[in-house]
Amino acid sequence: GSRSAIPRLSRLPAIMGQPGRKCSIRKDRHQRPSPETVTVPLTGPLPTLPMCGICGIIGTDPRQVEPAVRKMMRAMVHRGPDDEGYEQRPVGPGNSAVAGLGFRRLAILDLSPAGHQPMINPDTGDVLVFNGEIYNFRELRAKLAGEGIEVRSSGDTEVLLKALSHWGEKAIDLLDGMFAFAFYD
């Protein structure tokens, strides 16, 4: 994918929020929002902002789940031109239902193949599709390392996956960021 597809900070006020409303923009995307955040008025039409896309279906006919999820992935190719992935898992023991998770990637933090999604925890088999940013992922990585959990990639996705696998729902309370995800355990 082309990095030039990502809008510069100077173009973001015309992209984010709704016309006529105010939008907060952080000068450094690795800093938490603060009182010094720049606030700018928005006017005019809103262009599409490239971003990752996640989708999924739980269905009782496994033969229909993958084609349906792949159709959703094709519909959002504009959101993530750098990569795509699909994973299907059973829902409950002895049940024919499956969960299909799809992902379209816009590589921002980890540009390597290690950021591919759906991401699977090789130790547990847990699966994650994630869009957003975890601002405190470096602190969470250190906390996981202190508890003997290894994180190999350089981005926030694997940190979130390992945190959810290790701490369960309690991991959500530790997150500082903006995000949406689906987690299969």
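Values in this document were obtained by computation on a predicted structure and should not be read as measured data.

Reading the values: the criteria
- Residues numbered from 1 in each chain as written.
- Predicted model: local features only at pLDDT ≥ 70, side-chain atom pairs only at ≥ 80, totals over all residues.
- Heavy atoms only, no water.
- Pairing = 2+ DSSP bridges.
- Helix = DSSP H or I, 4+ residues; strand = E, 2+ residues; numbered from the N terminus.
- Contact = heavy atoms within 4.5 Å.
- Axes fitted to C-alpha atoms, helices over the stretch in contact; angles between N-to-C directions.
- Phe/Tyr/Trp six-rings, centres within 6.5 Å; stacked < 30°, edge-to-face > 60°.
- Lys NZ or Arg CZ within 6 Å of the ring centre and 35° of its normal.
- Buried < 20%, exposed > 50% of the residue type's maximum accessible area, 1.4 Å probe, protein only.

Caption draft 1: Molecular detail of the sheet that holds strand β7 (residues 127-134). Spatial strand order, β6-β7-β8: three strands in an open sheet with antiparallel pairing. Single-partner strands in this sheet number two, and they are β6 (119-120) and β8 (177-184). In this structure, β6 lies alongside β7, joined through two bridges in antiparallel fashion. Following the sheet pairing, methionine 119 is matched in β7 by leucine 128. The strands that helix α3 (residues 156-167) touches are β6, β7 and β8; relative to β7, the one it contacts most, it runs at about 125°.

Caption draft 2: Representation of the packing of aromatic side chains in the model. Taken as a whole and assessed by the stated rule, the structure comprises one aromatic pair. Above the ring of tryptophan 167, the side-chain terminus of lysine 143 is found at 5.7 Å from the ring centroid.

Caption draft 3: Fine view of the environment of arginine 79. Within the secondary structure, arginine 79 sits in the loop between α1 (62-75) and β4 (83-90). With 25 residues separating them in the primary sequence, arginine 79 and arginine 104 have C-alpha atoms 6.8 Å apart.

Caption draft 4: The side chain of asparagine 131, seen in detail. Along the chain, asparagine 131 turns up in strand β7. You can call asparagine 131 buried: its relative accessible area is 18%. Once residues within four sequence positions are removed from consideration, asparagine 131 is found in contact with Met51, Cys52, Ile54, Arg79, Met178, Phe179 and Ala180.

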